[in-house]
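# Architecture at a glance
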Amino acid sequence: MKSVPHATSLRRAPVQRRSAERLTRILDACAELLDEVGYDALSTRAVALRAGVPIGSVYRFFGNKRQMADALAQRNLERYTEHVTRRLQKAHKGDWRAAMDAVLDEYLAMKRTAPGFSLVDFGNQIPVGARHAGPNTRVADLLTELLSGYLDRTPDDDLRRVFLVAVEAADTLVQLAFRTDPNGDEAIITETRELLRAYLGRVLD
């Protein structure tokens, strides 16, 4: 499993294994502290202390806490992609309902268990990254590329738009589910799944 985000989110990409491990500790510490103190109270000094690294090591990779949050969001997306990919490898190719379940279930699992995810997500909660590449657009693009081959569909603008609408709808409803219940209101999640099946079925059946 990848632990290091794409190098473009970093001041300097790790080259040696020791440096990569230090970056992983920094991001792990950032995620833990987000759960404990929130984004506003997060500081690079606290992250360095929790990670057991000099403050200079944090600034080697990140200029500020916003860049750390962006890197954590990218790492979340990479891990999410790997989880979904593993699920799809076990599913019957072409079964879009199984694919949709994998996409939603793995997101819910991260929402419930991944440190810092409730605040950073893929960048939705704390706006990070470029304005023209919103987190849900990135997720929709990723799903288009990931699922088009599995579904034997052309990854064109039409499919991309369908996935973007599905991602935006699911994101709104899942946030509602977790506002209603810290573990995710199961009734709302069930309604979300039914809504996605009805919408995607119109296009993918």
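Residues numbered from 1 in each chain as written. Predicted model: local features only at pLDDT ≥ 70, side-chain atom pairs only at ≥ 80, totals over all residues. Heavy atoms only, no water.

## What about the overall build of the chain?
In terms of helices and strands, the chain carries nine helices and zero strands. Listing every helix and strand of the chain by position from the N terminus yields α-α-α-α-α-α-α-α-α. Taking all 205 residues of the chain together, the buried fraction comes to 46%. For the chain, the proportion of contacts with a sequence separation of at least 24, taken over those separated by at least 6, is 66%. (Helix = DSSP H or I, 4+ residues; strand = E, 2+ residues; numbered from the N terminus. Buried < 20%, exposed > 50% of the residue type's maximum accessible area, 1.4 Å probe, protein only. Contact = heavy atoms within 4.5 Å.)

## Some remarks on the confidence of the model for the chain
Scored by pLDDT, the chain comes out at a mean of 87, with 87% of its residues at no less than 70. Taken as a whole, residues 1-8 scores under 50 in pLDDT and shows 28 contacts with residues more than four places along the chain or in a different chain. (pLDDT = per-residue confidence, 0-100.)

## Things to note about the packing of helix α8 (residues 157-180) against helix α9 (residues 186-204)
Across the interface, α8 lies against α9 with an axial gap of 9 Å and an inter-helix angle of 170°. The pairing of α8 with α9 is recorded here as roughly antiparallel in orientation. Only I188, I189, T192, L195, L196, Y199, L200, V203 and L204 of α9 make contact with α8, whose side of the interface consists of L159, R161, V162, V165, A166, A169, A170, L173, L176, A177 and T180. Residue composition of the contact of α8 with α9, grouped by class: 17 nonpolar, two polar and one charged. (Axes fitted to C-alpha atoms, helices over the stretch in contact; angles between N-to-C directions. Parallel < 35°, antiparallel > 145°, perpendicular 65-115°, else oblique. Nonpolar A, V, L, I, M, F, W, Y, C, P; charged D, E, K, R; others polar.)

## Here's the deal with the pattern of salt bridges
Applying the stated criterion across every chain yields a total of 13 salt bridges. Put simply, E32 and R50 hold a salt bridge, and the shortest N to O gap is 3.1 Å. Of this pair, E32 sits in helix α1 (residues 17-37) while R50 sits in helix α2 (residues 44-51), placing them 18 residues apart in sequence. With its nearest N and O atoms 3.0 Å apart, the salt bridge here joins D105 to R193. Of this pair, D105 sits in helix α5 (residues 96-113) while R193 sits in helix α9, placing them 88 residues apart in sequence. A single network of salt bridges, built from pairs that share partners, joins R87, D101, D105, E106, R193 and R197. (Salt bridge = Lys/Arg side-chain N within 4 Å of Asp/Glu carboxyl O.)

## Points about α2
For α2, every residue scored as buried is listed here: T44, V47, A48 and A51. Buried residues along α2 cover an arc of 100° about the axis, so they all sit on one side. Every exposed residue of α2 that faces more than 90 degrees away from the buried side is listed here: R45 and L49. Looking at the buried side of α2, the elements it contacts are α1, α3 (55-61) and α4 (65-90). Positioned one or two residues after α2, G52 has a phi angle of 70°, which is positive. (Arc of directions from axis to C-beta.)

## Overview of the packing of aromatic side chains
Summed over the entire model, instances satisfying the criterion amount to six aromatic pairs. A centroid spacing of 5.6 Å and a plane angle of 65° characterise the contact between Y107 and F117, whose relative ring orientation is edge-to-face. Placement of Y107 in helix α5 and of F117 in helix α6 (residues 117-120) is noted, with a sequence separation of ten residues between them. Accessibility classification places Y107 together with F117 in one group, the buried group. Here F117 and F122 contribute two aromatic rings whose centre-to-centre distance is 5.3 Å and whose plane-to-plane angle is 85°, an arrangement assigned as edge-to-face. A residue is classified by how much of its surface remains accessible, and F117, at 0% relative accessible area, is buried. Grouped by ring-pair contacts, the aromatic residues Y80, Y107, F117 and F122 constitute a single cluster. Stacked on the ring of Y39, the Lys or Arg K65 has its end atom at 4.7 Å from the ring centre. (Phe/Tyr/Trp six-rings, centres within 6.5 Å; stacked < 30°, edge-to-face > 60°. Lys NZ or Arg CZ within 6 Å of the ring centre and 35° of its normal.)

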